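Read off the chains here:
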Amino acid sequence: MGQTLGDIAAALIALSGIAVIIGVIFIRRGDRVWHPRIMLTATALAALFLVFYLLKWGLYGTTRYVGPEEWRGAYYALLISHTLLAAINGPLVIWLIYNAVKGRFNIHKPWARWTVPIWLYVAATGWVIDLVLRRYGESTGSIRF
Ligand code: HEM
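The text that follows walks through the structure, step by step, so that each part is easy to find. Nothing here was measured: the structure is a model prediction, and the numbers come from that model. (Residues numbered from 1 in each chain as written. Predicted model: local features only at pLDDT ≥ 70, side-chain atom pairs only at ≥ 80, totals over all residues. Heavy atoms only, no water.)

### So, the coordination of the iron atom of the ligand
1) Next: The protein atoms that coordinate the iron atom of the ligand are H35 (NE2) and H108 (NE2), at distances spanning 2.0 Å.
2) Next: Considering all six donor atoms around the iron atom of the ligand, angles at the metal cover 88 to 180 degrees and the coordination shape is octahedral. Separated by 73 residues along the polypeptide, H35 in helix α2 (residues 34-60) and H108 in helix α4 (residues 105-136) bring together distant segments of the chain. Assigned by exposure class, H35 and H108 land together as buried. (Donors = N, O, S within 2.8 Å, 3.2 Å for Na, K, Ca; no water. Tetrahedral: all angles 85-135°; square planar, octahedral: opposite > 155°, others 65-115°. Helix = DSSP H or I, 4+ residues; strand = E, 2+ residues; numbered from the N terminus. Buried < 20%, exposed > 50% of the residue type's maximum accessible area, 1.4 Å probe, protein only.)

### A short note on the pattern of salt bridges
Proximity of charged atoms lets side chains of opposite charge pair with each other.
1) Next: Summed over all chains, the structure comprises four salt bridges.
2) Next: R72 is the salt-bridge partner of E69, the closest N and O atoms lying 3.1 Å from each other.
3) Next: Residue class for R72 comes out partly exposed when judged on its relative accessible area of 26%.
4) Next: Between R134 and D130 there is a salt bridge, with its nearest N and O atoms 3.2 Å apart. Residue R134 and its partner D130 are located together in helix α4, separated by four residues, close to a single helical turn.
5) Next: With relative accessibility at 10%, the residue D130 sits in the buried group.
6) Next: Among the ionic contacts, a cluster of salt bridges with common partners joins D7, D130 and R134. (Salt bridge = Lys/Arg side-chain N within 4 Å of Asp/Glu carboxyl O.)

Right, here's the structure in full:
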């Protein structure tokens, strides 16, 4: 069950990344109707990811990496960069939406150029981390690192 929740969370974060790419394509084509719709969908998917992730965390604790030693450093580099950027992404997205709703696109645009790559990195690495843990993960059964 813990793995299922993790897989759902990974699918949601990956889908949110795909939605961001589609939202960028829409605004590049000048579509100011579908761009916000898709970006708000991407935001909802990311929020839902957080719900499933926290549910898994609360119910089943963390998953420890028990894979090959030579990959441990790379795995933790990925995990730490993913977690830090995910935490930064949240406030950035709220800031983007806030400015867009206020019609301040001169602020929205430059911040969006930073936020989109961060969001995509978080989505891609979240999916990779899930794949790694599916193969090399061991549930700790409690909340610890
Ligand atoms: C929440 C996530 C969002 C992200 C990641 C995002 C991302 C972007 C990106 C990458 C651009 C193009 C910047 C460029 O030209 O290089 C852009 C432009 C734009 N966005 Fe968003 N956006 C988001 C939400 C919204 C929302 C909610 C609205 C409307 C309420 C909106 C309205 C616009 C408009 C109108 C532009 C074009 C501005 C212009 O060309 O002057 N965006 N956005």
